Amino acid sequence: METLLTIINAFGDTIANLWRSSGFANMALDSLGMILISLVLLYLAIVKKFEPLLLLPIAFGMMLSNLPMGGIFHMEYFDPDYIASLGYDKGTLFAINEVFSHGGLLDYLYLGIKLGIYPPLIFLGIGAMTDFGPLIANPKSLFLGAAAQLGIFLAFFLALFLGFTPAQAGAIGIIGGADGPTAIFVAKSLAPELLGAIAVAAYSYMALVPVIQPPIMRLLTTRRERQTVMAQLRPVSRTERIIFPIAVTLLVALIIPDALTLVGMLMLGNLLKESGVAERLVKTAANELMNIVTIFLGITVGATATAEYFLNTSTLLILALGVLAFIFGTAGGVLIGKLMYVLTKGKVNPLIGSAGVSAVPMAARVSQKLGQQENPANFLLMHAMGPNVAGVIGSAVAAGILLMLLK
Amino acid sequence: MLLRIAASVPWMQNYSTVSEKFFIGVTMTLLGLSIVFLVLVLISFMVSALGRLAGGRRKQETPPVAEPVASVHQPAAVTAAPSEEPETDATLIAVLAAAIAAFTAESAPRSSAGFTIRRVRRV
């Protein structure tokens, strides 16, 4: 009889322990909220096809790191305050011993972001896929690519007034660059605590470019301007295509050394492509490597959005500032486009200005679509690709400036 | 260099009052935007110069290519072409030579110089 009781007790204890160490008993309400958010993002990625290649891993990473007791990711190991409380030197990037003795899979993969490895590798792939031809054929596109960076700095301005520190404001402003890897690259240095919110905002708004941009473009242009048909671009020689990435790297790196990593990798990818002698490497950079890095980047960026760091008013402010940054960027591009329309006596369609926010090639497609709605004989796609790829260079340069001034 | 100096000035240390925030915001916006413009305008000039050096050579080449080819090869073509009406054929060949030259110059400017019309056959 006594033995039976002992067995029943032991059984009961084990079940109780199992329950206590299970996720159900340890689920905090805010973590549950984050899991629900991740499910919404998964819905947006899978059903609505919002940048699914990134949003899907981001949403799943978010779900994984908010599940209690799994130990797959410890955001606190990367929190400067926590690192300082453990007695590490100021400026130590992560709690080195903790990561290597108690870290989970995503802690290790997150090092690729923390050490600034993934975004430049993605840029390598983007470079290998980008055709700078339209930009070389029409160098004035670069004005539009520069003007569209207006959103970054105006969002910075607003963020300061909303109570963010200059470094945080810079990291929020870069959302206006409409370039996911650039935003992550800047945020991980300037405001790692906001990385999750910034990445989610940047990638969601990039997917929403066809919704955000057209009303602003219509508002700022007249029907006549939108109907402008542009002359065909001149053909670009192979020599020009090969010299371009080399010259841009040298020029940008010498003026803004902090932009070297992003611009350098972008241009290396492009040189591999245009040189025509490294086809295997181009294929790897633009496909396999890019895909692998995208998975790592997505899942770890999502993982940083834990309840403690994501569920607060800053996230809502960041989402609001992000959309404003996109709007200002679009407006900046379109307004300079209008100026060019006037200066060239109607040879430049101002609609291509909005493509200056990077978001390749979505923003260029929006210009094409709006142009064609007004005038079915209007083909703006190639003309808009110029400012579009100029925007990639522009936002990388702006990122370099923010890093240099705010780090 | 300019940036290094700007970065070393402690103008961003205090950001508590509205006026300080305004100062930082305006400075950053103006400084940031003007540097972005400066860099991209420099790239723009560089690309234009590149176009004039590498792309411009093509422009000078294209027009002369079409004419000499037609005139140079015309005699060869005339002698080579077996014909009933030499005069009409000479004009025809000249026209054909010019058309081919113009066409090949468009698609591959540097390879257009070396062709000869040996025979024209009516189909």
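As the structure is a computational prediction, the values presented were derived from the model and not from experiment.

So, how was this worked out
- Residue positions are counted from 1 within each chain, in the order its sequence is given.
- Chains carry letters from A onward and ligands carry numbers from 1 onward, assigned in written order.
- Given that the model is predicted, a residue must reach a pLDDT of at least 70 before its local features are reported, and side-chain atom pairs must reach 80 or more before they are shown or counted; all residues, however, enter totals for whole chains, interfaces and linings.
- Residues enter a nonpolar core if they are buried, belong to Ala, Val, Leu, Ile, Met, Phe, Trp, Tyr or Cys, and are joined to the set through C-beta atoms within 7 Å.
- Between the buried cut of 20 or more and the exposed cut of 12 or fewer other C-beta atoms within 10 Å of a residue's own C-beta lies the partly exposed class, and all C-beta atoms are placed from the backbone.
- By the criteria applied, helices consist of DSSP H or I runs no shorter than four residues and strands consist of E runs no shorter than two, each listed in order from the N terminus.
- Throughout, the edges of the domains are those of an automatic or database domain assignment.
- For the purpose of contact definition, each residue receives a C-beta atom placed from its backbone, and two residues are in contact when these atoms lie within 7 Å.
- Throughout, the ten residues Ala, Val, Leu, Ile, Met, Phe, Trp, Tyr, Cys and Pro are labelled nonpolar, Asp, Glu, Lys and Arg are labelled charged, and all others, Gly among them, are labelled polar.
- A residue's pLDDT is the confidence the predictor assigns to it, expressed on a 0 to 100 scale.

(A) Up close: the nonpolar core. Residue and element names in this part refer to chain A. By size, the foremost hydrophobic cluster in this structure holds 155 residues, and its most contacted members are Ala155, Ile172 and Ile198. In terms of residue count, the dominant contributor to this core is helix H23 (residues 381-406) (15 residues). Viewed by domain, this core spans two of them, domain 1 (28-114) and domain 2 (118-406), each represented by three or more residues.

(B) Representation of the interface of chain B and chain A. Across the boundary between the two partners, chain B contributes 29 residues, which contact 38 residues of chain A. Of the residues contributing to the side of chain B that touches chain A, the split by class is 20 nonpolar, 7 polar and 2 charged.

(C) Representation of the environment of Leu36(A) within the structure. Residues and elements named next belong to chain A. When you line up the elements, Leu36 lands in helix H3 (residues 29-46). For Leu36, a count of 12 C-beta atoms within 10 Å gives the class exposed. A sequence separation of 27 residues divides Leu36 from Met63, and the C-alpha atoms of the two residues are 8.3 Å apart.

(D) Highlighting helix H13 (residues 180-190) of chain A. Extensive coverage of H13(A) is indicated by the burial of 11 of its 11 residues. Within the sequence span of H13(A), burial applies to Gly180(A), Pro181(A), Thr182(A), Ala183(A), Ile184(A), Phe185(A), Val186(A), Ala187(A), Lys188(A), Ser189(A) and Leu190(A).

(E) Representation of the confidence of the model for chain B in the model. All names here are of chain B. On average, residues of chain B score 66 in pLDDT, and 37% of them are at 70 or above. Looking across chain B, the model is least confident in helix H1 (residues 2-8), with a mean pLDDT of 57, and most confident in helix H2 (residues 18-80), with 72. Predicted confidence for residues 59-86 stays below pLDDT 50, and this span has 40 contacts to residues more than four positions away or in other chains. In this model, residues 109-113 is a region of pLDDT below 50 whose contacts with residues beyond four sequence positions or in other chains number 12 contacts. Reported confidence for the predicted complex is 0.88 by ipTM and 0.81 by pTM.

(F) Looking closely at the domain arrangement of chain A. Residue and element names in this part refer to chain A. Once the domains are mapped, chain A shows domain 1 (28-114) and domain 2 (118-406). Between the C-alpha centres of domain 1 and domain 2 the distance comes to 26 Å. Of the residues lining the interface, 29 residues belong to domain 1; the matching set on domain 2 comes to 29 residues. At the level of secondary structure, the elements contributing two or more residues to the side of domain 1 that touches domain 2 comprise H3, helix H4 (52-66) and helix H7 (105-114). When residues of the side of domain 1 that touches domain 2 are assigned to their parent elements, the largest contribution, 12 residues, is made by H4. Partitioning the side of domain 1 that touches domain 2 into residue classes produces 19 nonpolar, 6 polar and 4 charged.

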